[in-house]
Every structure is written in C-alpha cells, then in structure tokens.
Amino acid sequence: MNFIAAYTSGLKTIFGKGKLWLLLYALNFLFAILLAYPLSGFLGRKLGDTLAADKLFENFDYSIFNDFIIEYWDALGVIANQSIFGLLLYLLLSVFLVGGILNIFKEEGSGYGLANFWKGGGKYFWRMLRLTIYFLAMQIGILILFFILFSALTSGGLERLHNEGEIIERGLIVLSIYLFFATIFFMIHDYAKIHVVATDKKMVFRPILDAFKWVFRNFGQAFLLYLLNLLTFGILFFIYLKIDGGSAILAIFLIGQFFVLARIGTKLLNLASATKLYRSL
C-alpha cells in the first residue's frame, strides 16, 4: 500500500466512525466549558465594571496597555496559572484519547463501541504518557541544538555580518531545517504510538527503537503521507480563517465548532491512515 491508498483508506475509516467523532467533540466541548467557566466568572468580577479591556481591543495603545497590566496584574497571574494548568490537563486528556482511538483502529474492520474506546484509553494511558514525555524531551533537545546552531552562525551580529538581512536569511535556513527534523520526530512519535498498541508491549523503549527503524525503512511513503495529512489540516484551517462570521455571536460560535470538528477529523485521519500504512508495510 502506498501513501495515497493509505490516505484514502483512512478517509473511509474515519467517515465510518461518526459516533467516535461525536464522542471526541463532546469531550472537547465539556473540557472547554469546565476550564472556561470559573475563569469567566473571575474575569467578570475583575473587569465587569471597567471599560479598559474594551478600549484596549478597540485600538491598541501602549499607555493603556501598560496601565492595564499594572492595574490587573493579579488577574493576569491567575489567567497565566490557569492556562498552564489547563494545558497540562488537556495533555493528559489527549494522551487518554489517543489510546482509545488507536484501540478502535487496532483491528481491521472493528466497529465503534464505547467499551473499546474507554478500555483502550485506560489500558494504554501510562504507555502513551511515557511516550509523550520521551518525545517531548527529544523535541526540546532538537530545539536547543538548532538554537545553538543559529547562535553560532550569527555570533558577532552586525560586527561580523554585513546587515540584518543576512542574519534573517540564516535564521530562516536554520528554521526550515529545524521544522523538517521536528516534523520527522512528530511522525515517528505517531508510529511509536501505533506500534505500542499493535504489539501491546508494556515497556516503550523497544517500540520507540522499532518505530525509528520502521519509519526510516519506509521513509518515503510515511513522510509523504504525513505531509498529505498536514496539507489537509492546512486547507481546512485556511477555510476557517476565510469564513467571515460577522459580529453575530451564533455565527462565530458555529464557525469555531467547524474548526474543532476539522481538527478532530484531521487527527483521526492522521492516525487512521498511518495505521493503514503501518499494517500494510
């Protein structure tokens, strides 16, 4: 199976899993409400009797912005702390969801069932979490290496280089190479998840090594499939940006939900098509 066949097969798979889409949408929606509700109440108490926020968003002014920061520093601290807490919770939720999704995709022609999803989410949670931590450490390592490379290429600044354009040019080259390698590691992470579920191994170091070997053995097909899935998300995101909801709250809400569904769909498509390619090769 080549990457085109895996992509089309993944499309057929996800459009046959309507209940899964609905469940993932409901979980994301409930998570957003639980996270936003206490924060909205807090902001309402802090900003409810002031027009500072309205003035700030109408037309940016540094002096108003500075006064806003000074006046509401405690509120911004609460928002920052809750944002970090929310990101950590969403990371844990995503880890759980991936285990459930891959447990459904594990068997060819398997139907959707709540029991399979919840079972997979719980069964593979700690393994998926360890994979996430290990690959996050790898991504941080890659970022540090390329930052060191950029610093070496631009050391001395304008005293050594001719102009700012040369610094920007070198920065863009380093950024392009970094994004290429970061994308490869994101892709390997996905196949490591698939391999862990497929082999049902409790230790994840060997599946990580196997995923690296498998990806580089089938690099052309795996990378082209990953780029095709990224392109699909990019097209849907472009459509989302181009849709004008005007000022109607309902229209803005519906457009936002379109993006949420598109993000869920592309995530399912990426995992489904990658699973198809993995199993065929």
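Basis of the calculations
- Residues numbered from 1 in each chain as written.
- Predicted model: local features only at pLDDT ≥ 70, side-chain atom pairs only at ≥ 80, totals over all residues.
- Heavy atoms only, no water.
- Helix = DSSP H or I, 4+ residues; strand = E, 2+ residues; numbered from the N terminus.
- Buried < 20%, exposed > 50% of the residue type's maximum accessible area, 1.4 Å probe, protein only.
- Contact = heavy atoms within 4.5 Å.
- Areas by Shrake-Rupley, 256 points an atom, 1.4 Å probe, with all protein chains shown as cover.
- Core = buried A, V, L, I, M, F, W, Y, C linked by side-chain atoms within 4.5 Å.
- Salt bridge = Lys/Arg side-chain N within 4 Å of Asp/Glu carboxyl O.
- Axes fitted to C-alpha atoms, helices over the stretch in contact; angles between N-to-C directions.
- Parallel < 35°, antiparallel > 145°, perpendicular 65-115°, else oblique.
- Nonpolar A, V, L, I, M, F, W, Y, C, P; charged D, E, K, R; others polar.
- Phe/Tyr/Trp six-rings, centres within 6.5 Å; stacked < 30°, edge-to-face > 60°.
- Patch = residues over 30% accessible without salt bridge, like charges linked within 9 Å, V, L, I, M, F, W, Y side chains within 5 Å.
- pLDDT = per-residue confidence, 0-100.
- Polar contact = N/O pair within 3.5 Å; in protein donor to acceptor, adjacent residues only side chain to side chain.

1. Quick word on the overall build of the protein chain
For the protein chain, the helix and strand inventory stands at 11 helices and zero strands. Listing every helix and strand of the protein chain by position from the N terminus yields α-α-α-α-α-α-α-α-α-α-α. Here the protein chain, with 281 residues, has 40% of them falling under the buried criterion. Put simply, of all contacts in the protein chain between residues at least 6 apart along the chain, 76% involve residues at least 24 apart. When the accessible surface of the protein chain is totalled, it reaches about 16,600 Å², and 71% of it is carbon and sulfur.

2. A closer look at the nonpolar core
Counting 59 residues, the largest nonpolar core has Phe105, Phe117, Tyr191 and Leu268 as the members making the most contacts within it. The element contributing the most residues to this core is helix α8 (residues 164–199), with 12 residues. Those residues in contact with phenylalanine 105, other than ones at most four positions away along the chain, are Thr13, Ile14, Leu20, Leu268, Leu271, Ala272, Thr275 and Arg279.

3. Some remarks on the pattern of salt bridges
A side chain with one charge can pair with a side chain of the opposite charge if their charged atoms come near. This model, assessed by the stated rule, comprises four salt bridges. In this structure, the salt-bridge partner of lysine 123 is aspartate 200, at a minimum N-O distance of 3.2 Å. A residue pair is termed long-range when its members are at least 10 positions apart, and lysine 123 in helix α6 (residues 114–123) and aspartate 200 in the loop between α8 and α9 (205–217) qualify at 77 residues. One salt bridge connects lysine 193 with aspartate 190, and the closest N-O pair in it is separated by 3.5 Å. A residue pair is termed a helical-turn pair when its members lie 3 or 4 positions apart in one helix, as lysine 193 and aspartate 190 do in helix α8 at three residues. Each of Lys123, Arg127 and Asp200 takes part in one network of salt bridges that share partners.

4. Things to note about the packing of helix α10 (residues 219–242) against helix α11 (residues 249–280)
Relative orientation of the contacting elements α10 and α11 amounts to 170 degrees, with a least axis distance of 10 Å. Between α10 and α11, the interaxial angle falls into the category roughly antiparallel. Across the interface between the two elements, Gln221, Ala222, Leu225, Tyr226, Asn229, Thr232, Phe233, Leu236, Phe237, Ile239 and Tyr240 from α10 touch Ile255, Gly256, Phe258, Phe259, Ala262, Arg263, Thr266, Leu269, Asn270, Ser273, Ala274 and Leu277 from α11. The residue inventory of the contact of α10 with α11, partitioned by class, reads 15 nonpolar, seven polar and one charged.

5. Describing the packing of aromatic side chains
This model, assessed by the stated rule, comprises 24 aromatic pairs. Judged by centre distance (5.5 Å) and plane angle (80 degrees), the ring pair of phenylalanine 180 and phenylalanine 181 falls under edge-to-face. Note on phenylalanine 181: relative accessible area 37%, which makes it partly exposed. By the ring-pair criterion, three or more aromatic residues cluster together here, those being Phe135, Phe146, Tyr178, Phe180, Phe181, Phe185, Phe212, Phe216, Phe219 and Phe223.

6. Brief notes about the packing of α8 against α10
Between α8 and α10, the least distance of the axes is 11 Å, while the angle of their chain directions is 100 degrees. In this view, α8 runs roughly perpendicular relative to α10, as classed from their interaxial angle. Contact residues: α8 offers Phe180, Thr183, Ile184, Phe186, Met187, Asp190 and Tyr191, while α10 offers Phe219, Ala222, Phe223, Leu225, Tyr226 and Leu230. Of the residues contributing to the contact of α8 with α10, the split by class is 11 nonpolar, one polar and one charged.

7. Overview of a nonpolar patch on the surface
Side chains of Leu136, Ile140, Ile144, Leu145, Phe147 and Ile148 sit close together on the surface and give an oily, nonpolar patch of about 630 Å² of accessible area. One can find isoleucine 148 in helix α7 (residues 125–153).

8. Some points on the confidence of the model for the protein chain
Looking at the protein chain, pLDDT values average 82 and 77% of them are 70 or higher. At the low end of the mean pLDDT range in the protein chain sits helix α3 (residues 52–58), at 52; at the high end sits α9, at 94.

9. Remarks on the side chain of asparagine 270
Of note, asparagine 270 is situated in helix α11. Residue classification places asparagine 270 among the buried residues on the basis of a relative accessible area of 14%. Within the local environment of asparagine 270, its side chain forms a polar contact with the side chain of asparagine 229, the two groups lying 3.4 Å apart. Non-local contacts of asparagine 270, meaning those with residues more than four positions away in its chain, are made with Asp190, Tyr226 and Asn229.

10. Remarks on the environment of phenylalanine 125
Tracing the sequence through the fold places phenylalanine 125 in helix α7. In the structure, phenylalanine 125 is positioned 27 residues away from valine 98 in sequence and 8.4 Å away in space, judged by C-alpha atoms.

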